[in-house]
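So you can see what is in the structure, the chains are spelled out below.
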Amino acid sequence: MKHPFSDVSAFRRDPLGLFARKGFGASEPLVKLSLGPSPVYFVTDAKTARVVLKSDEADIDKGRLVRKLRKVIGTSSITLSGVQHQQRRAVIHEHLARGIMNEFVPEIAALIRLHASRLVQEREFDAHDVTAPLALRIITSVLFGRGVLSSGDEAALMEAVAVAEAHMADSLFRLFPRSPLRALRDRRRVQASREIMSVIVERVRVRSTSKSLIAAFESLNLTATELRDEILLLLLAGHHTTGNAAAWVLYFLATNPELSEGIRKEYLSLGTKAGEIDPLRLQRAELSLRVARETLRLYPPFYWFSREVKKPMELAGRRLRRGTTLIISPWQIQRDPRNWENPNAFSVERSYNSPAFLPFGLGPRACVGIGLGLLELQLLALEIASACDIEILSAVPASEPTPAVTLLPPCIRLRLRPRSVFAVQREVA
Ligand code: HEM
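Presented here is a report on the structure given in the accompanying data block. (Residues numbered from 1 in each chain as written. Predicted model: local features only at pLDDT ≥ 70, side-chain atom pairs only at ≥ 80, totals over all residues.)

### Details of the site of the ligand
Around the ligand lies a shell of 26 residues, among which Gly238, Gly361, Cys367, Gly369 and Gly373 are the nearest. Mapped by element, the contributors of at least two residues to the shell around the ligand are α5 (82-99), α11 (224-255) and α15 (370-387). For the shell around the ligand, the leading source of residues is α11, giving seven residues. Looking at the shell around the ligand residue by residue, the classes come out as 17 nonpolar, seven polar and two charged. (Near = placed C-beta within 6 Å. Helix = DSSP H or I, 4+ residues; strand = E, 2+ residues; numbered from the N terminus. Nonpolar A, V, L, I, M, F, W, Y, C, P; charged D, E, K, R; others polar.)

Here it is, written out as structure tokens:
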């Protein structure tokens, strides 16, 4: 009989390796993982994963692993259930749906161009060092209003997020407690990062404009703490995910000159006379959307998430008792050779209507920022490829990502060179 903790060390050390070993070509849709005394199953096939994700929250909901996050990110839509969750989700959804094309496209495009104009002055840069703060600036701007986050707050928030993420990744499946001294030091660091986040979030709240999401949240009469936690969640969920994927978008553009050329042509077909992207034509920008989707297939920022069984049930031929944890990994499903031909290759020729494409989750807890996340990645590809030549200076293929709470990209060193104005003018003519 297997030791009840026998998969813990593999899960902590190399979760991607564990998911690959247990998941690729698995003969059963539910594979038992030994991650503690209570039952845990790894959901290895896309069909069963979809059933789990689409379940009613009375049957299957977020569970104990998500509750662990509360210590760091507090209580907000991602950790709440029931009516409270639905109300908050509806408010965020409405705000995003209203602005997604008309207001957000020019705003996001302008922020990307601003960053690009600074980057062409640099000799070289690390992709994620640039895309993470850019994503943070975009999410703050579109949700809370332009200029509400100062560059000092931006840097401090990034730092605090890194501390919180390292702590969360370490504590999710820790087998043995840390030494008392180490535990105390860690607690203090997390507490300090939480306080920094709170101060910044409070500044964001005070500075936000009347049209922002904060005004919309006021209709729900949230307490100051609830509002702070909700803003924090949106800042974290909205930038850490997109920022990670965006680094890979730049990598794929830099390493596929033909692709960059294709995106450049697409950009020219979308432009207004003033040289801006026409939001209404963006829906036809098939190639840049494919780049965004293929990047999320290979490097889904949330590379695993979990659910908990709320009442005894049968799933994929197994009896599951209440409290059973189900782990789903978009990374495994999106790279399983059963679901994708040549799964590790970057190819924009694939169909993303596949049931095995789940970077945003699915069902009642699916990402509420899908449209915005895709839009950011698509605009990044369009704006950067059209204005610059992207050169890769670090090794190709890039190193593997680091699986923390999200999938962190490796160091990808790039250089941007502005494209000649004359070349662009010739192309337009
Ligand atoms: C490429 C970018 C993004 C990816 C890949 C992504 C992925 C995900 C995934 C997989 C989940 C569901 C986790 C689960 O089922 O347990 C989720 C939830 C969530 N995401 Fe995103 N996300 C992205 C961008 C964003 C953005 C821009 C926002 C900001 C509005 C956002 C806000 C949220 C929120 C609030 C939730 C919780 C939804 C709920 O529980 O009802 N995400 N995201």
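The discussion continues.
### Quick word on unusual backbone geometry
The peptide bond linking valine 396 to proline 397 adopts the cis configuration, its omega dihedral lying at 0°. Residue placement: proline 397 occurs in the loop between β9 (388-392) and β10 (402-403). Positive phi is not limited to glycine here, since asparagine 221 has a value of about 50°. Within the fold, asparagine 221 resides in the loop between α10 (213-218) and α11. Classification of asparagine 221 by C-beta neighbours within 10 Å gives exposed; the count is 8. For asparagine 342, which is not a glycine, the phi torsion comes out positive at approximately 45°. Tracing the chain through its elements places asparagine 342 in the loop between α14 (330-335) and α15. (Buried ≥ 20, exposed ≤ 12 C-beta atoms within 10 Å, placed from the backbone.)

### A short note on the sheet that holds strand β4 (residues 125-126)
Pairing within the open sheet is antiparallel, and its three strands lie in the order β4-β12-β9. Of all the strands in the sheet, the pair left with one neighbour each is β4 and β9. Relative to strand β12 (residues 413-418), β9 runs antiparallel, the two being bridged by five bridges. Bridge pairing in β12 places cysteine 388 opposite proline 418. (Pairing = 2+ DSSP bridges.)

### Examining the pairing of strand β8 (residues 325-328)
In β8, alternate side chains face the same way, and those of Thr325 and Ile327 on one face and Leu326 and Ile328 on the other are all buried. Relative to β8, strand β2 (residues 40-43) runs parallel, the two sharing four bridges. Opposite tyrosine 41, over in β8, you have leucine 326 as the bridge partner. Pairing analysis gives four bridges linking strand β5 (residues 305-309) to β8, with the strands arranged antiparallel. Within β8, the residue paired with phenylalanine 305 across the bridge is isoleucine 328.

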